[in-house]
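# Architecture at a glance
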Amino acid sequence: LTSELDTLATFSDTPAPAVTRIVFSEADRAARQWFKNLCAAANLTVREDAVGNTFARWIGSEPHLPAVGTGSHIDAIPHSGKYDGTVGVLGGLEAIRALQQSGFQPRRSIEVLMFTAEEPTRFGIGCLGSRLISGVLDAGADERLRDKQGSTLAQVRAETGFTGSLDDVRLPSTYYDAFVELHIEQGPLLERDKIPLGVVNAIAAPASARITIEGEGGHAGAVLMPHRRDAFLAACELSLAIERAVKSTGSTDTVGTVGICEVFPGAINSIPSRVNMTSDVRDTDLARRDRALLQIDEATREIAARRGVVITSETINADAPCVCAPRVVEALRTACSPLVFQDMVSRAYHDSLFMSRITQAAMLFIPCRGGVSHRPDEYSSPESIATGVAVLAQTLKTLAS
Ligand code: HGY
Ligand code: MN
Ligand code: MN
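Residues numbered from 1 in each chain as written. Chains lettered and ligands numbered in written order. Predicted model: local features only at pLDDT ≥ 70, side-chain atom pairs only at ≥ 80, totals over all residues. Heavy atoms only, no water.

### Some details on the pattern of salt bridges
Just so we agree on the cut-off: The term salt bridge refers to a pairing of a side-chain nitrogen on Lys or Arg with a carboxyl oxygen on Asp or Glu at a separation within 4 Å. Labels follow the DSSP assignment, with helices taken as runs of H or I lasting at least four residues and strands as runs of E lasting at least two, numbered in each case from the N terminus. Only protein chains enter the accessibility calculation, which uses a 1.4 Å probe; a residue whose area is less than 20% of its type maximum is buried, one above 50% is exposed, and one in between is partly exposed.
Taken as a whole and assessed by the stated rule, the structure comprises 29 salt bridges. Among the ionic pairs, K36 bridges to E48, the shortest N-O distance being 3.1 Å. Of this pair, K36 sits in helix α2 (residues 26-41) while E48 sits in strand β2 (residues 45-48), and the two are twelve residues apart along the sequence. The class for K36 is buried, based on a relative accessible area of 17%. The class for E48 is partly exposed, based on a relative accessible area of 31%.

### Digging into the coordination of the manganese ion (ligand 2)
To keep it simple, the criterion reads: Each metal site is built from N, O and S donor atoms within 2.8 Å (3.2 Å for Na, K and Ca), and since water is not included, such sites may look incomplete.
The protein atoms that coordinate the manganese ion (ligand 2) are D84 (OD), E119 (OE) and H374 (NE2), at distances of 2.1 Å. Residue E119 is classed as buried on the basis of its relative accessible area, which comes to 6%. Classification of H374 as partly exposed rests on a relative accessible area of 34%.

### Here we look at the coordination of the manganese ion (ligand 3)
Note on the manganese ion (ligand 3): its protein donors are H73 (NE2), D84 (OD) and H183 (NE2). The metal-donor distances range over 2.1 to 2.3 Å. Each donor residue of the manganese ion (ligand 3) belongs to the same chain, with the gaps between them written as H-x10-D-x98-H. Separating the manganese ion (ligand 3) from the manganese ion (ligand 2) is a distance of 3.6 Å, and D84 supplies a donor atom to each of them. Taken together, the residues span a long stretch of sequence, with D84 in the loop between β5 (76-80) and α3 (86-102) and H183 in strand β7 (residues 176-184) at a distance of 99 residues. H183 matches D84 in its accessibility class, with the two residues each being buried.

### Observations concerning the site of ligand 1
Condition: We call a residue near a molecule or strand as soon as one heavy atom of that residue lies within 4 Å of the molecule or strand. Polar contact is the term for a pair of N or O atoms within 3.5 Å; when the atoms are in protein, one must be able to donate a hydrogen and the other to accept it, and sequence-neighboring residues count only if both atoms are side-chain atoms. Accessible areas in this description were obtained via Shrake-Rupley with a 1.4 Å probe; residue shielding takes into account the shown protein chains only. Note that Gly is not counted as nonpolar here; it falls among the polar residues with everything else outside the nonpolar set of Ala, Val, Leu, Ile, Met, Phe, Trp, Tyr, Cys and Pro and the charged set of Asp, Glu, Lys and Arg.
Lining the immediate surroundings of ligand 1 are E118, E119, R282, A348, Y349 and H374. In the environment of ligand 1, a nitrogen atom lies 2.8 Å from a nitrogen or oxygen atom belonging to the side chain of E119. Between ligand 1 and the protein, one listed contact pairs an oxygen atom with a side-chain N or O atom of R282 at 2.6 Å. In the complex, 92% of the free accessible area of ligand 1, which totals 210 Å², lies under the protein chains. Considering only residue class, the shell around ligand 1 consists of two nonpolar, one polar and three charged.

Take a look at the structure:
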């Protein structure tokens, strides 16, 4: 499994140790083919849906029963690491291989999934594949979603060989009996407390928006300050207003990030006429998150009026949080013992957030060094990964029996 994780990391558009694997890029397509070959070598039945979600099934003795699913993603944001998502995909495959070698025969089929585009990098929205599977996103996304080159999802997936209808991606709630995702924590708590396993019983609610600020450009020397409508300074105020809104909810569970800020025309001696930026606001509590969003809306109107700029904010997503299924959480807790584990909240979103819309879902975390993720120095030890896979295998065995 360690060598497979190392091999998967070589499918990248940036040199090691950084990993960049954008959905449907050459690197992603090669990685997908490599993964499908691994699944075929484990005698799993492999299929891909119209958006490239990949399903590798170990057929159980009662194949008509709703299956047990596991899995995650292999797409990676630019200049990131090699464990985010991949531990859940290759670890899910390894758990199946371990169960096969143990002589176990599942009643329910066990299926490892590789979801398309968990990361929002190319089409601006995260969990694209699992949103379509769960019906949270409709087939209209095919023409609505575009990448930075202006290509629609329909065009890009057709170029990649996925020509079916997005309507066929949706799965009924009878398709799976349970779903479990193994993932690195992407936070510092497990390592800090020297706890090898985290059982996730809730996933925070993500909301993101695309914000455009239209001001007035001009000569950086000739235009005096009272006459300026500087789009970038408005963006600065709005960014600080987002920080103020999330810090004032009374809980540290509310977080806010401005991850993208493009300034136009981007010349040293030209007043910024336009800014394209993004906001990402999350909380484990929906009402508290939405109060922060309202506060941000008020600040947006006040800044626009006072600075004479036009600010438009387009919501990309505003999802509800999820409480993980008690039955699956219990199966994970039982499989963890006698090892110590900690009940946790996931502050990152994951495909499990959307799988929980169509089946009983929960997640298992393993520690990552320094809590670091979405960076080239992201790391989880072979021992941590092996412990997570062993507990995942035991959980799948319980759920598939
Ligand atoms: O942003 C997230 O929470 C996930 O890592 N895509
Ligand atoms: Mn990620
Ligand atoms: Mn991830």
